Amino acid sequence: TAQAAPARASSAAHDVSGVTLAGDAVHLGLTRPGAATLLAFLTSGCSTCQTFWEAFADPRSTLPDGVGLVVVTKDPSHESPARLAELAPPDVRIVMSSAAWSDYVVPASPYFVHIDAAGELAGEGTAQRFDQVRSLLADAVADLAEADRRGSRERALRAERELEAVGIGPGHPSLYPSGDPRASGDG
């Protein structure tokens with residue numbers, strides 16, 4: 001079963017720096033607003049991780065729209081790049097970074113961290129199967145979208161109240177600088 005992570009001192013997201021399987025340096029700026037990301041902390045040796053390597057290689061195993069996947073393993077001193085190259089799906093970004101495991105206080109593998117599009121840590125935890133991760137992530141993405149929608153509606157209502165407080169309401173001429181809105185034939 002999927003489990004949320006225990007509480008920890010910092011819930012901040014961290015950028016991830018490390019090396020690719022080819023040995024090239026890489027830095028992922030996850031703390032800047034952009035696309036949401038799922039960090040999957042996997043190893044080459046754990047049997048549960050094997051199911052995720054297979055799921056990520058399966059084109060039917062998709063993440064919610066707008067969420068990118070990055071698999072994070074430990075450094076080459078702890079993992080075999082050759083073995084990881086055998087496991088790694090061709091379209092999945094792999095970063096070897098023991099520092100990221102420390103930054104995110106990863107207790108064991110497999111472990112998953114969701115960074116939202118605002119660059120903030122949105123959730124983390126463990127799971128045994130891909131469908132569990134996908135379900136939790138889909139719920140989190142939907143919850144964030146609903147919160148954004150509610151926030152937009154609340155801002156609009158607050159703006160309407162503030163305008164009404166100074167005497168500007170529906171049909172007020174200042175809302176229609178080009179003239180009467182009924183003259184356009186739309187009303």
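Residues numbered from 1 in each chain as written. Predicted model: local features only at pLDDT ≥ 70, side-chain atom pairs only at ≥ 80, totals over all residues. Heavy atoms only, no water.

Visitor: What is the right way to read the nonpolar core from this model?
Guide: For soluble globular proteins, the rule of thumb is that nonpolar side chains tend to be buried together. Leu38, Leu42, Phe52, Trp53, Phe56, Val71 and Phe112 are the most contacted members of the largest nonpolar core, which has 25 residues in total. Elements with a minimum of two residues in this core: β4 (36–41), α1 (47–57), β5 (67–73), α2 (81–87), β6 (93–96) and α4 (130–165). In terms of residue count, α1 provides more of this core than any other element does, five residues in total. Each residue touching Trp53, except ones within four places of it in the same chain, is listed here: Leu42, Thr43, Ser44, Val71, Thr73, Leu84, Leu87, Ala88, Pro89 and Ile94. Counting residues in hydrophobic clusters, the runner-up holds 18 residues, among them Val26, Val72, Ala100 and Val113. (Core = buried A, V, L, I, M, F, W, Y, C linked by side-chain atoms within 4.5 Å. Buried < 20%, exposed > 50% of the residue type's maximum accessible area, 1.4 Å probe, protein only. Helix = DSSP H or I, 4+ residues; strand = E, 2+ residues; numbered from the N terminus. Contact = heavy atoms within 4.5 Å.)

Visitor: Just checking my understanding: could you explain the pattern of salt bridges for this structure?
Guide: Pairing is possible between side chains that carry opposite charge, provided their charged atoms lie close to one another. Applying the stated rule across the entire model yields three salt bridges. Put simply, Asp58 and Arg60 hold a salt bridge, and the shortest N to O gap is 2.8 Å. Its relative accessible area of 21% is what places Asp58 among the partly exposed residues. (Salt bridge = Lys/Arg side-chain N within 4 Å of Asp/Glu carboxyl O.)

Visitor: Teacher, can you tell me more about α1 here?
Guide: Spacing of three or four residues puts side chains on the same side of an α-helix, whose turn is 3.6 residues. Every buried residue of α1 is listed here: Cys49, Phe52, Trp53, Ala55 and Phe56. An end-on view of α1 places all buried positions within 165° of arc, on one side of the element. (Arc of directions from axis to C-beta.)

Geometric values such as these leave the question of function open.
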